[in-house]
Amino acid sequence: MKWIKTLFYVFFIFAGVILSTRMHGFPIDTIFEPTALIFVFAGWIFIFANYSLSEVIQAFGQAGGMMKSTHQSTAMSQQIIATIGNYGLLAAGMINLVMVFSALANLDDPKALGVAFAVSLRPLVWALAAKVFIGIPLQNNLRYPQGGI
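Residues numbered from 1 in each chain as written. Predicted model: local features only at pLDDT ≥ 70, side-chain atom pairs only at ≥ 80, totals over all residues. Heavy atoms only, no water.

1. Details of the overall build of the protein
What counts is decided by this rule: The numbering of helices and of strands both runs from the N terminus, where a helix is a DSSP run of H or I of at least 4 residues and a strand a run of E of at least 2. Only protein chains enter the accessibility calculation, which uses a 1.4 Å probe. A residue is then buried if its area is under 20% of the maximum for its type, exposed if over 50%, and partly exposed in between. The contact definition used throughout considers only heavy atoms, calling two residues in contact when any of these lie within 4.5 Å. Here the Shrake-Rupley method, with its probe set to 1.4 Å, supplies the accessible areas, and only the displayed protein chains count as covering residues.
Counting secondary structure elements, the protein contains six helices and zero strands. Among the 149 residues that make up the protein, the fraction classed as buried is 32%. Nonlocal contacts in the protein, meaning residues at least 24 apart in sequence, comprise 65% of its contacts between residues at least 6 apart. For the protein, the accessible surface area stands at approximately 9500 Å², while carbon and sulfur atoms represent 73% of it.

2. Brief notes about the nonpolar core
Using the following cut-off: To define a nonpolar core, start from buried Ala, Val, Leu, Ile, Met, Phe, Trp, Tyr and Cys residues and group those joined through side-chain atoms within 4.5 Å.
Of all hydrophobic cores here, the largest spans ten residues; its members are Ile47, Tyr51, Val56, Ala59, Ala63, Ile80, Ile81, Ile84, Leu138 and Leu142. Put simply, the parts of the chain that give this core at least two residues each are helix H3 (53–63), helix H4 (74–104) and helix H6 (122–143).

3. Concerning the environment of Gln79
Examined against the element boundaries, Gln79 turns out to sit in helix H4. On the basis of relative accessible area, Gln79 is assigned to the partly exposed category, the value being 45%. When the C-alpha positions of Gln79 and Ala59 are compared, they lie 8.9 Å apart, and in sequence the two are 20 residues distant.

4. Quick look at the side chain of Gln139
The residue Gln139 is located in helix H6 in this model. With residues up to four places along the chain from it excluded, the contact list for Gln139 reads Gln78, Ile81 and Ala82.

5. Quick word on the packing of aromatic side chains
As a reminder of what qualifies: Each aromatic pair joins two rings of Phe, Tyr and Trp (for Trp, the six-membered one) with centres within 6.5 Å, and gets the label stacked for planes under 30 degrees apart, edge-to-face for over 60, and tilted for any other angle.
All chains considered together, the criterion is met by one aromatic pair. Between Phe41 and Trp44, the ring centres sit 5.0 Å apart and the planes meet at 70°, which makes this aromatic pair edge-to-face. With Phe41 and Trp44 both in helix H2 (residues 37–45) and three residues apart, this pair spans about one turn of that helix. The class of Phe41 is partly exposed, set by a relative accessible area of 40%.

Structure follows, in structure tokens:
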């Protein structure tokens, strides 16, 4: 039941984004450019500096309800999933700063400056979307395994 609520929530968020961009004449493809997602994935890879692959798989298995707690506690699984989301946000924030610095190098062209700042926010949009739509629901599944929310 929680997954159905989550899917409806995601649907309404995306519908709101699409409606808002169409009303204001903003092209939707500038928000959903997949190359910005590469930076978020780069941050997720850093999880393997702290945890093994089997621990990460166990965490996602527990969060998805496919695995029962064996040798890994649910608190550790919550920590792993939270860390993945935080590393994605950290990587996106660092890339955002680099892109802002490169945008500020072109202060002589005001039209290009606005586009450059908009482009610099895309990795943060992807990282926040991944944290909100994937990370937080998985953490809630670990925190409330019987459908508590």
